[in-house]
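Single-letter residue listing:
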Amino acid sequence: MFEQVEVASPDPIIGLTEAFKNDSHPEKINLGVGVYKDQSGSTPILECVKEAERTLLSQETTKSYLAIDGSPDYGRYVRELFWGAGHPLAGDPRVSVVQTPGGTGALRVAGNFLHKIFPHKKIWISNPTWANHSNVFQAAGVDTENYPYFDPAKNILDFDATLRQLESIPPGDAVLLHACCHNPTGVDPDRDQWQRIGEVLVERELLPLVDFAYHGFGDGLEEDAAGLRILSDVVPEMLICSSFSKNFGLYRERVGALTIVATNAKGAASALSQVKATVRANYSNPPAHGAAIVNTVLSSKELRSQWEQELAGMRKRINEMRRQFVETMQAKGANRDFSFIQAQRGMFSFSGLTPAQVDQLREKYSIYIVRSGRINVAGITPQNLGRLCDAIVSVLT
Ligand code: LMR
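The rules behind these values
Residues numbered from 1 in each chain as written. Predicted model: local features only at pLDDT ≥ 70, side-chain atom pairs only at ≥ 80, totals over all residues. Heavy atoms only, no water. Axes fitted to C-alpha atoms, helices over the stretch in contact; angles between N-to-C directions. Helix = DSSP H or I, 4+ residues; strand = E, 2+ residues; numbered from the N terminus. Parallel < 35°, antiparallel > 145°, perpendicular 65-115°, else oblique. Left-handed = near helix turned anticlockwise from the far one by under 90°. Contact = heavy atoms within 4.5 Å. Near = heavy atom within 4 Å. Polar contact = N/O pair within 3.5 Å; in protein donor to acceptor, adjacent residues only side chain to side chain. Areas by Shrake-Rupley, 256 points an atom, 1.4 Å probe, with all protein chains shown as cover. Nonpolar A, V, L, I, M, F, W, Y, C, P; charged D, E, K, R; others polar. Domains from an automatic or database assignment. Expected span 1.5 Å × (residues − 1). Buried < 20%, exposed > 50% of the residue type's maximum accessible area, 1.4 Å probe, protein only.

Participant: Outline the packing of helix H3 (residues 72-83) against helix H12 (residues 289-298), supporting the account with residue identities and numerical values.
Facilitator: At their nearest, the axes of H3 and H12 sit 9 Å apart, and the two run at 60 degrees to each other. In terms of orientation, H3 and H12 fall into the oblique class. As for how H3 packs across H12, the hand of that crossing is left-handed. Between H3 and H12, the residues in contact are Asp73, Tyr74, Tyr77 and Leu81 and Ala291, Val294, Asn295 and Leu298, respectively.

Rendered as C-alpha cells:
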C-alpha cells in the first residue's frame, strides 16, 4: 500500500535543515529555520537551563504523568510573564493555561478546540505568516483566510489594508496576530495600532488568537508583551499560543502553552474542559522536562536574573548583526538599500530576495534561506557575514 503513496513536498523551513545537513560545502550557511546561533555559529544550552537541569537531576522524584493540562506552577509563570505578577489577569479565574508540546502544539490544540466548538468558523492569518500556520489549522479542520499585512515596496506594515480587511471579517471568526517579532517579516504594529486592532476586534466580535513565540527577542520582556496587554485590556476573550523554544533555547524539549482568556471563570472552565478533552484524544498529557526547567529557572531569583541576562545577550547579538549586515551590504556596493533590516525585530527579516535569487544562493553558494526571502538574522555571525553579503550582492546583480 505504501508504495502507492504520493511523496509529500519537504517542509519549506525544517526541510531546509535536512538539505543543509547533506551539503558538504565547508562554508555553507543556514539562515533557514528560526534557531538562535551564537557568535561561533552554535546553538548553546543557556547556562540557567544547565543549572536548572542539574537541580532537576538531583531533586526530581518521579516520572509519573503530568495532568492533562500540565503543571499548575508552569501555568502561573506563563501568566506572570504575559501580564506581570501583580496584574489581575495573572491570577484571575477567567484565565486558564494548558501546557503544550511547544508553540506548534498550542496552535494545534487551539485549532482542534476551535473546530470542535465552532465547526464553521474560519481563522484569518496575516499575509505573509509563518509557513506552518495554514498547515496546522487546516489539519485541525479549520479553514484559513488571509488578511493583508506587509507592504513589500516600503518594507513596513500596511496598516490601512490590515484594518480594512479586519473590518470586513464576519463576526465570530478568529484572527491570528503575532504578539511581537512578526514571523516572517520582523514588522510589528506600534502601540496605537494595537489599540486600533483591539477596537476593531471588539466592534466586529472577532476572537483574537495571539501567537507569542518570540517573547524577549524584540525589545525586552516588558516591551514585547505590550501588544498582548493592550488587546487583553479591551477584548472580552482571547487565545494565546506561546513557546519557550526560543527565549529559553528549549527547542527540542517542546515546551509551550495555550492560554484561554474568557469573560468569566465559568467560560474559562468550560473552554478548559473541552481543550483537555482534545489534548487527551491527541497526546494525552504534555512532556514534563522542558516545563520543569522553566519552573526551576523562574522560581529562583538568581536563575531568573541569569535568564534575563542571557536572553538580553541573544537579543543584542541579533540586533548587532542587523546593524553589521546593513553596513556590510552598503560597503560591498549592494544595488539596494537594506536599512529596513535594522528597524525590524526578532529573529527574522523579509529580505525582498526572490525565490529565484534564493535558489541561486543555495545552488551556487550553499546559503540556505526560506524561499519567501525570509532570513534568520540569528544565523548570521561575524565569520559568515562577509561571504553572505558577497553572495547576496552577486545574486542581486
Ligand atoms: C521558524 O519559523 O523557523 C521556527 O518557528 C521553527 C519552525 O518550526 O518552523
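Participant: Pulling in residues and values, what's your account of the site of the ligand?
Facilitator: Surrounding the ligand, one finds Ile13, Val33, Gly34, Trp130, Asn183, Tyr214, Lys246, Phe348 and Arg374. The backbone of glycine 34 places a nitrogen or oxygen atom 2.6 Å from an oxygen atom of the ligand. Tryptophan 130 is positioned such that a nitrogen or oxygen atom in its side chain is 3.0 Å from an oxygen atom of the ligand. For the ligand, the protein covers 82% of the area, taking 260 Å² as the surface of the free molecule. Across the shell around the ligand, the residue classes break down as 5 nonpolar, 2 polar and 2 charged. When residues of the shell around the ligand are assigned to domains, at least three fall in each of domain 1 (10-44 + 314-396) and domain 2 (65-299).

Participant: How would you summarise helix H16 (residues 385-396) if you had to cite specific residues and measurements?
Facilitator: Compared with an ideal rise of 1.5 Å per residue, which puts 12 residues at 16 Å, H16 spans 16 Å between its outermost C-alpha atoms and is within 8% of the ideal. Counting buried positions along H16 yields 9 of 12 residues, so the element is predominantly enclosed. Those residues of H16 not exposed but buried are Leu385, Arg387, Leu388, Cys389, Ala391, Ile392, Val393, Val395 and Leu396. The inward-facing, buried residues of H16 contact strand S1 (29-30), helix H13 (301-331), helix H15 (355-365) and strand S12 (367-368).

Participant: Tell me about the side chain of threonine 278, and name the residues and values.
Facilitator: Looking at the element boundaries, threonine 278 is found in helix H11 (residues 265-282). With relative accessibility at 8%, the residue threonine 278 sits in the buried group. Residues contacting threonine 278, with those up to four places away along its chain left out, are Val109, Asn112, Phe113 and Lys116.

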